[in-house]
Amino acid sequence: MSERQGPGHGLSEHELSEIRMLIEERTGICFDESRERFFSTRVREHLRAKGLPHGTDLLRNMRKSNVEYEALLERLLTQETSFFRYPGVYEAFEKRVLPELHVKKFWKNPRTLRIWSAGCSTGEEPYSIAITIADSLSFADSWNVEILATDVGRQALKQAERGVYAGRSIGSVSEKQLANHFSAVEGGQQLKPRLRKMVSFAQMNLASPVYLGRMDAIFCMNVLIYFSEERRRTVVQRFYETLEPGGYLFLGHSESISKMPVKFQAIVLNDCILYRKPTAGELLKPELVTEGRA
Ligand SMILES: C[S@@+](CC[C@H](N)C(=O)[O-])C[C@H]1O[C@@H](n2cnc3c(N)ncnc32)[C@H](O)[C@@H]1O
């Protein structure tokens, strides 16, 4: 059998593998055997949509033009999300993290809270963070709340900026939250300006570090599962460096930082694990710090 007859018309195993490597190298996203079918189907769809006869044409275009590269990348992203996707996470944020930050920062001038939603998809996660802050942080309006929401996918970010949601996506938003924080518009419910002002969206690739300043908390949920072990390590190390001492990292339920050489304290609360960066004083008492444990 010739190589060209492999995975589909005009696309050889070798070309697929080159495309896979290019995506992994630039984004960290890894298409292993379990996602092989998804990957080759999406690449073939893309070839057809672009009217390109061969995988080599696609590869050439992607290497030459960022626009062409991003067009394929958009098809390969998994962007499933919803408001309050894991209620336990928002409960931990409300009951443990916000009260701690309140005590630590209330008398600071300016009274700023900085949170990063890394891999925010269409915005449900950063807006859930904003709603939790608005509903539970004492004197929420007296704080300067900055939620930075980043993703590599431009289409998702466009949707996020509009802040209009419907159906399953807002299934876990309570009646009270809907009434307080959303207005009915064509196509669904839109976040009110007060909440939208707390969140800034930016396109950012986690595989290309950019200095963002220190954060009080980082949410990176259901993103690292798609990365190779090595890339995960690099990104988690960067999260550690970005967090304020005493800051918190939230990962998805199936993600863990076990075996990673970072000195987070793993805190188990109900069905959720939070990772806290120790303060300098705590680092001097190693018995308080559980190294990279989940
Ligand atoms: C499954 S969604 C998770 C959304 C949200 N965090 C949640 O848990 O509901 C994964 C997101 O990670 C983004 N992503 C994947 N690789 C990325 C990278 N290298 N840099 C930034 N974002 C990335 C995808 O575009 C997608 O929106």
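Residues numbered from 1 in each chain as written. Predicted model: local features only at pLDDT ≥ 70, side-chain atom pairs only at ≥ 80, totals over all residues. Heavy atoms only, no water.

### Points about the site of the ligand
Now for step 1: In the region of the ligand, 20 residues are neighbours, and T27, T81, R85, E125 and D151 sit closest.
Now for step 2: One of the side-chain nitrogen or oxygen atoms of N222 is found 2.8 Å away from an oxygen atom of the ligand.
Now for step 3: When the free accessible area of the ligand is taken as 600 Å², the share hidden by the protein chains comes to 99%.
Now for step 4: Here the ligand occupies the largest pocket.
Now for step 5: Grouping the constituent residues of the shell around the ligand by class yields eight nonpolar, eight polar and four charged. (Near = heavy atom within 4 Å. Polar contact = N/O pair within 3.5 Å; in protein donor to acceptor, adjacent residues only side chain to side chain. Areas by Shrake-Rupley, 256 points an atom, 1.4 Å probe, with all protein chains shown as cover. 1 Å grid on protein atoms, 1.4 Å probe; cavity = no way out; pocket = protein on both sides within 12 Å on 5 of 7 lines; lining within 4 Å. Sits in = over half its atoms within 2 Å of the grid points. Nonpolar A, V, L, I, M, F, W, Y, C, P; charged D, E, K, R; others polar.)

### What to know about the pattern of salt bridges
Now for step 1: Throughout the structure, instances matching the rule amount to 15 salt bridges.
Now for step 2: Its salt-bridge partner being R60, residue D57 comes within 2.8 Å of it at the nearest N-O pair. Of this pair, D57 and R60 both sit in helix α3 (residues 55–64), separated by three residues, roughly a single helical turn.
Now for step 3: The class of D57 is buried, set by a relative accessible area of 14%. (Salt bridge = Lys/Arg side-chain N within 4 Å of Asp/Glu carboxyl O. Helix = DSSP H or I, 4+ residues; strand = E, 2+ residues; numbered from the N terminus. Buried < 20%, exposed > 50% of the residue type's maximum accessible area, 1.4 Å probe, protein only.)

### A word on the pairing of strand β2 (residues 144–151)
Now for step 1: Counting buried residues in β2 gives six out of eight residues, a clear majority hidden from the surface.
Now for step 2: As a crossover connection, the stretch from strand β1 (residues 112–118) through helix α6 (residues 124–136) into β2 is right-handed.
Now for step 3: Summarising the sheet, β2 and strand β6 (residues 199–203) pair through five bridges and their orientation is parallel. Note that in β6 the partner of T150 across the bridge is A202. (Right-handed = clockwise from strand over helix to strand, strands pointing away. Pairing = 2+ DSSP bridges.)

### A few points about the side chain of S228
Now for step 1: Among the secondary structure elements, S228 is positioned in the loop between β7 (215–220) and α10 (229–242).
Now for step 2: Its relative accessible area of 18% is what places S228 among the buried residues.
Now for step 3: In contact with S228, other than residues within four places in its own chain, are E24, G28 and C30. (Contact = heavy atoms within 4.5 Å.)

### Some points on the packing of aromatic side chains
Now for step 1: Under the counting rule described, the total for this entry stands at 17 aromatic pairs.
Now for step 2: Here the aromatic rings of F83 and Y165 are separated by 5.0 Å at their centres, their planes lie at 85°, and the arrangement is edge-to-face. Separated by 82 residues along the polypeptide, F83 in the loop between α4 (66–76) and α5 (87–105) and Y165 in strand β3 (residues 164–165) bring together distant segments of the chain.
Now for step 3: Judged by centre distance (5.3 Å) and plane angle (85°), the ring pair of W116 and F239 falls under edge-to-face. With W116 in strand β1 and F239 in helix α10, this pair connects stretches of sequence that are 123 residues apart.
Now for step 4: When the ring centre of Y240 is taken as origin, the NZ or CZ atom of K277, which lies over that ring, is 4.8 Å away. (Phe/Tyr/Trp six-rings, centres within 6.5 Å; stacked < 30°, edge-to-face > 60°. Lys NZ or Arg CZ within 6 Å of the ring centre and 35° of its normal.)

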